[in-house]
Amino acid sequence: MAKKTIIVTGGAGFIGSNFVYYMLNKYPDYRIVCVDCLTYAGNLSTLKKALENDNFRFSKTNICDREEITKLFKEENPDIVINFAAESHVDRSIKDPDLFVKTNVSGTQVLMDVCRELNIPRYHQVSTDEVYGDLPLDRPDLFFTEKTPIHASSPYSASKAGADLLVLAYCRTFKFPATISRCSNNYGPYHFPEKLIPLMIINALNDKPLPVYGDGKNVRDWLYVEDHCRAIDLIIHNGKIGEVYNVGGHNEMSNIDIVKLICEKLGKPESLITYVEDRKGHDRRYAIDPTKIHDELGWLPETKFKDGIEKTIDWYLNNKEWWEEIISGDYQNYYEKMYGDK
Ligand code: NAD
Ligand code: DAU
């Protein structure tokens, strides 16, 4: 494989950091440059091992900052830009939609404009199945395909849908060389503890209540994060420009079943489960049809949920320091510690 420079935005977050490690490991000749402004969801200590690798660079930069992004992209002259950076939590978007529009829509636009200006040959937008809205629980025969109309429910998903539409418009109007992936719910190491699976693991370990929204019957289609990374790797190398690829592993589970499974695996009582007020506009069911990425690029998920959830629980048991620093807030000092005197 010819040597490449890849810019990964949002690489200090959950999926981006897993992708950084996946790429450094799989392509030891590639240069991986992480661009992340370290919001509350970005954790530089996650990239501790990557920072020891000479083929890795970290830049604390906001994707909305056109001047800084232009300067960095000129310096690095990347072959590919992959945009993971986003405000990603639905509940936060309900409380404060403003930042979601700025980062997810305007940030995407800045990245694409700079790529166009500098003739960067390839751009990939990491999107989500949430742009399709939701499916009813009583129609298990229905799935999201790439042709399903966009029908977002939350400010988060609307901002991701807005970005997708902008990417597709740039492809058509400017022949912008982009691809989009729309993946279902990921789980695995380095997942920020405000999201369902890590929150439930950590609360259960601390014998705290496990807050289940509404009736707990909402369904998500869970995919181990490494399978998502492999899908993006295939798309950036072999995917067709202008195309959208859905990514999901046919692994639908209700929230309450996930929470009960976590209790069982950790030997904690189900009496910790507490039903709380439902999320506003709560999507009922997500389910991806991954036929296109399978047929065109040969992608199939490799990690079964029963193995992935065990690996994930073990990871949280063996990496208490990582999540305890998040809970205490100490992780936000890591950048200062690493770069304070530089
Ligand atoms: P995350 O919240 O864990 O990480 C987001 C990262 O982006 C953080 O490191 C944050 O510091 C960074 N960031 C935010 N705003 C930025 C800005 N303006 N400039 C530079 N960096 C910024 O998110 P995640 O769960 O890893 O999701 C990554 C991407 O994948 C997102 O685009 C999300 O929409 C998409 N996605 C997530 C899932 C999932 O299950 N988590 C599923 C499908 C798609
Ligand atoms: O489908 C992909 C999306 O998955 C991504 O685009 C988002 O960035 C990512 O955050 C995720 O969104 P969800 O809203 O599905 O994930 P979350 O972990 O927030 O919630 C999963 C389900 O669990 C959802 O039905 C709400 C419910 N929930 C969540 C939390 C945090 C609870 O019942 N209790 C909770 O405390």
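Criteria and thresholds
Residues numbered from 1 in each chain as written. Chains lettered and ligands numbered in written order. Predicted model: local features only at pLDDT ≥ 70, side-chain atom pairs only at ≥ 80, totals over all residues. Heavy atoms only, no water. Helix = DSSP H or I, 4+ residues; strand = E, 2+ residues; numbered from the N terminus. Rg over C-alpha atoms; globule rule 2.2 N^0.38 Å. Buried < 20%, exposed > 50% of the residue type's maximum accessible area, 1.4 Å probe, protein only. Contact = heavy atoms within 4.5 Å. Lys, Arg positive; Asp, Glu negative; His and termini not counted. Charge placed at Lys NZ, Arg CZ, Asp CG, Glu CD. Phe/Tyr/Trp six-rings, centres within 6.5 Å; stacked < 30°, edge-to-face > 60°. Lys NZ or Arg CZ within 6 Å of the ring centre and 35° of its normal. Expected span 1.5 Å × (residues − 1). Arc of directions from axis to C-beta. Core = buried A, V, L, I, M, F, W, Y, C linked by side-chain atoms within 4.5 Å. Near = heavy atom within 4 Å. Polar contact = N/O pair within 3.5 Å; in protein donor to acceptor, adjacent residues only side chain to side chain. Areas by Shrake-Rupley, 256 points an atom, 1.4 Å probe, with all protein chains shown as cover. Nonpolar A, V, L, I, M, F, W, Y, C, P; charged D, E, K, R; others polar.

As a further point, take the overall build of the protein. Secondary structure assignment for the protein yields 12 helices and 13 strands. In terms of C-alpha radius of gyration, the protein reaches 19 Å, essentially the compact-globule figure of 20 Å for 342 residues. Expressed along its principal axes, the backbone C-alpha trace of the protein runs to roughly 55 × 50 × 40 Å. Scored against the burial criterion, the 342 residues of the protein give a buried share of 55%. The long-range fraction of contacts in the protein, counting pairs at least 24 apart against all pairs at least 6 apart in sequence, stands at 83%. For the protein, the distance from the average site of its 42 positive side-chain charges to the average site of its 51 negative ones is 2 Å.

What follows is about the packing of aromatic side chains. All told, the structure shown has 23 aromatic pairs when counted by the stated rule. Geometrically, the ring pair formed by Y316 and W322 is edge-to-face, given 6.4 Å between the ring centres and 75° between the ring planes. This pair shows no difference in class: Y316 is buried, exactly as W322 is. The structure contains a cluster of three or more aromatic residues connected by ring pairs, namely Y21, Y190, W315, Y316 and W322. Here the basic side chain of R285 rests over the ring of F143, its NZ or CZ set 5.6 Å away from the ring centre.

The terminal C-alpha atoms of helix α10 (residues 305–318), which comprises 14 residues, lie 19 Å apart, in line with the 20 Å expected from a rise of 1.5 Å per residue. Every buried residue of α10 is accounted for by F305, G308, I309, T312, I313, W315 and Y316. Along the long axis of α10, the arc covered by the buried residues comes to 155°, so they all point the same way. Opposite the buried face of α10, by more than 90 degrees, sit the exposed residues K306 and N318.

Core analysis: the largest hydrophobic core is formed by 32 residues, its most contacted members being I197, I201 and L210. Of all the secondary-structure elements, those providing two or more residues to this core are α6 (196–205), β8 (210–213), α8 (255–266), α10 and α11 (320–328). Setting aside its immediate chain neighbours within four residues, L210 contacts M200, N203, A204, V259, C263, L272, I273 and T274. Counting residues in hydrophobic clusters, the runner-up holds 31 residues, among them M112, I120, V131 and A161.

Quick look at the site of ligand 2 now. If you check the shell around ligand 2, you find 23 residues, and the closest are T128, D129, Y156, R279 and H282. Side-chain polar atom of T128 to an oxygen atom of ligand 2: 2.7 Å apart, as the coordinates give it. Here N185 contributes a side-chain N or O atom positioned 2.7 Å from an oxygen atom of ligand 2. Taken by itself ligand 2 offers 700 Å² of open surface, and the protein chains cover 94% of this. Of all the elements in the fold, those that place two or more residues in the shell around ligand 2 are α6 and β8. By residue class, the composition of the shell around ligand 2 is nine nonpolar, eight polar and six charged.

Neighbouring ligand 1 are 28 residues; I15, D36, S88, Y156 and K160 lie closest to it. Within the backbone of I15, an N or O atom sits 2.8 Å from an oxygen atom of ligand 1. Between I63 and ligand 1, the recorded distance is 3.0 Å, taken from a backbone N or O atom to a nitrogen atom. Protein contacts shield 96% of the accessible area of ligand 1, which totals 830 Å² for the unbound molecule.

Take it as geometry only, folks, not as evidence of what the structure does.
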